[in-house]
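# Topology and contacts: notes
Listed below, chain by chain, are the residues.
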Amino acid sequence: MPKPAMLPRNETGIATALGILAQRFGERFGTGADLRRQHGHTTTWLENQPPDAVVFPESTGEVAEIVRVCAEHRVPVIAFGTGTSLEGHLNAPAGGVSVDLSRMNAVLKVHPQDLDCVVQPGVTRRQLNEHLRDTGLFFPVDPGADASLGGMAATRASGTNAVRYGTMRDNVVALEAVLADGTVIRTGGRARKSSAGYDLARLIVGSEGTLGIITELTLRLHGIPEAVSGARCSFPTTDAACEAVILTIQMGLPVARIELLDALAVGAINAYSKLDLPETPLLLLEFHGTEAGVAEQAEMFQALAEEAGATGCEWSADPDERGRLWRARHDAYWALKALRPGADALSTDVCVPISRLAEMVRATNEKAQEMHITAPILGHAGDGNFHAIFLLDPDDPSEASRAEAMIGWMSETAIAMEGTVTGEHGIGQGKAAYLPRELGDATGVMRAIKAALDPHGILNPGKIVP
């Protein structure tokens, strides 16, 4: 397992700050080993670096109080949502305090006429959509895990619906955040647009807790579509599947989801879910709109797909039948794990222009075979983003080393194709080495912003531009 770098610890400051916070927060302050480890990195491949303590605030004022204490004593502060991030975002390489925002989980206001709502950062996406169920509205960003909305904003999450509804960047209207000195700022109101000053909301969204701790979000909502249709088509090659995707986007079909599974992933799903899909690349799609509209869209897609060589196309607007069509995607994680029982699943992602997606997926398949790595692929084909899931023997260090090399190769190749090292997982610790290669001198601008807003480097140190 790769060991992320340790940073110098301020032992005296940590001891002093922990004493103050323990007295102030009582039972909402903890230093137990299991609790601390839970609040370090707990997913995929990076070694866990736990904080020295965990605090559970219940208001913006309490978050600001925690940050002021830590700022005074130069102690790191790491915001924590649900712990589902994948690139070491939650590790504490210099120790410090994890601020667990799970108790700040209220939906504060819903404005149905304006299609927006105001929530605290600990609200999860499922919780919000359950709250909205009777309003006819929903929040569309779906990264898969039931992540907290504050964490989703901090990592600029996206997911299967991004091709139609956008990412967190597109769905955060405004936010409230606590800066490194404990100052609380708001980045705007609820207006649908603004030309007032710097776009601070977009600066903080995606900053991974390195510029401020988000304590409130104003989010865009969308109407629940009258009808939804799902479609599924098999293709002889990845190139053919990606050609169908390109045709779909160029034709302006308002597809809500368009997912690609490679042949290895389809084979795993057949075995796990007792399906009989052709073990060739597969596209899964979803259309949202009126009953007539989604039927027309599905039929138009089928014609485009068959032009690209698709076979076995199916589509349905019936919820049960649509669930059957999408079962292949919903079962994917467990199906892939079952390919190699006992293996660890390491997920990484890159994103390239759609026109290069087939080439990138094909090259990744070939590279995995060359390096003797089992790495099925799932992709958000509509925006050129895909995930490789490495299945690794936890008792064989050489496999982790090969996987790390493979991630480096994928990152370099995506950059060479004018893409990015991560479409949705974020930088954290795991991709920090590749960011300067992608953005060049722009990383220097990021360092300058970080230094201006957090001169003592206490907010989530060691991440993005360590």
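Presented here is a report on the structure given in the accompanying data block. Nothing here was measured: the structure is a model prediction, and the numbers come from that model.

## So, the overall build of the chain
A count of helices and strands for the chain gives 17 helices and 18 strands. Radius of gyration (C-alpha) of the chain: 22 Å, near the 23 Å computed for a compact globule of 466 residues. The principal-axis extent of the C-alpha atoms belonging to the chain is close to 65 × 55 × 40 Å. The buried share of the chain, reckoned over its 466 residues, is 57%.

## Brief notes about unusual backbone geometry
Located in the positive-phi region is L115, a residue other than glycine, with phi close to 55°. Summarising the element assignment, L115 is placed in the loop between β5 (107-111) and β6 (116-119). Positioned with a positive phi, E418 is a non-glycine residue whose angle comes to about 65°.

## Things to note about the packing of helix α1 (residues 11-25) against helix α3 (residues 60-72)
Remark: α1 packs on α3, axes separated minimally by 9 Å, with the N-to-C direction vectors making an angle of 155°. One element, α1, and the other, α3, form an angle in the roughly antiparallel class. The chirality of how α1 crosses α3 is right-handed. Along the contact surface, α1 presents A17, I20, L21, R24 and F25, while α3 presents E62, E65, I66, V69 and C70. Along the lines of polarity and charge, the residues of the contact of α1 with α3 split into seven nonpolar, no polar and three charged.

## Looking at the sheet that holds strand β17 (residues 377-380)
Think of a sheet as strands paired side by side through backbone hydrogen bonds, with each pair either parallel or antiparallel. The sheet built from seven strands is open, its strands ordered β15-β12-β14-β13-β17-β18-β16 with antiparallel pairing. A single partner strand is all that each edge strand has here, and the edge strands are β15 (311-316) and β16 (344-351). Neighbour-to-neighbour, the strand axes of the sheet open up by a mean angle of 15°, direction not taken into account. The pairing of β16 with strand β18 (residues 385-392) spans eight bridges and is classified as antiparallel. Residue S347 lies in a different strand from β18, and its bridge partner there is I389. Against the sheet, helix α14 (residues 357-370) touches β13 (255-261), β16, β17 and β18, its axis set at about 10° to β18. Sitting on the sheet, helix α15 (residues 397-416) is in contact with β16 and β18, with an inclination near 165° to β18.

Here is what the cut-offs are and how they apply
For every chain, the first residue of the written sequence is number 1, and numbering continues from 1 along that sequence. Only residues with pLDDT of at least 70 get local features here, since the model is predicted, and only at 80 or more are side-chain atom pairs given and counted; chain-wide, interface and lining totals rely on the full set of residues. Neither water nor hydrogens contribute to the side-chain values; these are computed over all heavy atoms in the structure. Strands here mean DSSP runs of E at least two residues long; helices mean DSSP runs of H or I at least four residues long; both are numbered from the N terminus. When we talk radius of gyration, it's over C-alpha atoms, and the globule rule is simply 2.2 Å times the number of residues to the 0.38. Throughout, exposure labels follow a simple rule: accessible area from a 1.4 Å probe, protein chains only, divided by the maximum for the residue type, with under 20% read as buried, over 50% as exposed, and the rest as partly exposed. An axis is simply a line fitted to the C-alpha atoms; with a helix, the fit covers only the stretch in contact. Between two such axes, the angle follows the N-to-C directions and lies from 0 to 180 degrees. Convention used here: angles under 35 degrees read as roughly parallel, angles over 145 as roughly antiparallel, angles from 65 to 115 as roughly perpendicular, and any remaining angle as oblique. Each crossing gets its hand from how the near helix is turned against the far one by less than a right angle, where anticlockwise is left-handed and clockwise is right-handed. Residue contacts are counted whenever heavy atoms from the two residues lie within 4.5 Å of one another. Put simply, Ala, Val, Leu, Ile, Met, Phe, Trp, Tyr, Cys and Pro go in the nonpolar bin, Asp, Glu, Lys and Arg in the charged bin, and everything else, Gly too, in the polar bin. DSSP bridges decide pairing: two strands pair if at least two such bridges lie between them.

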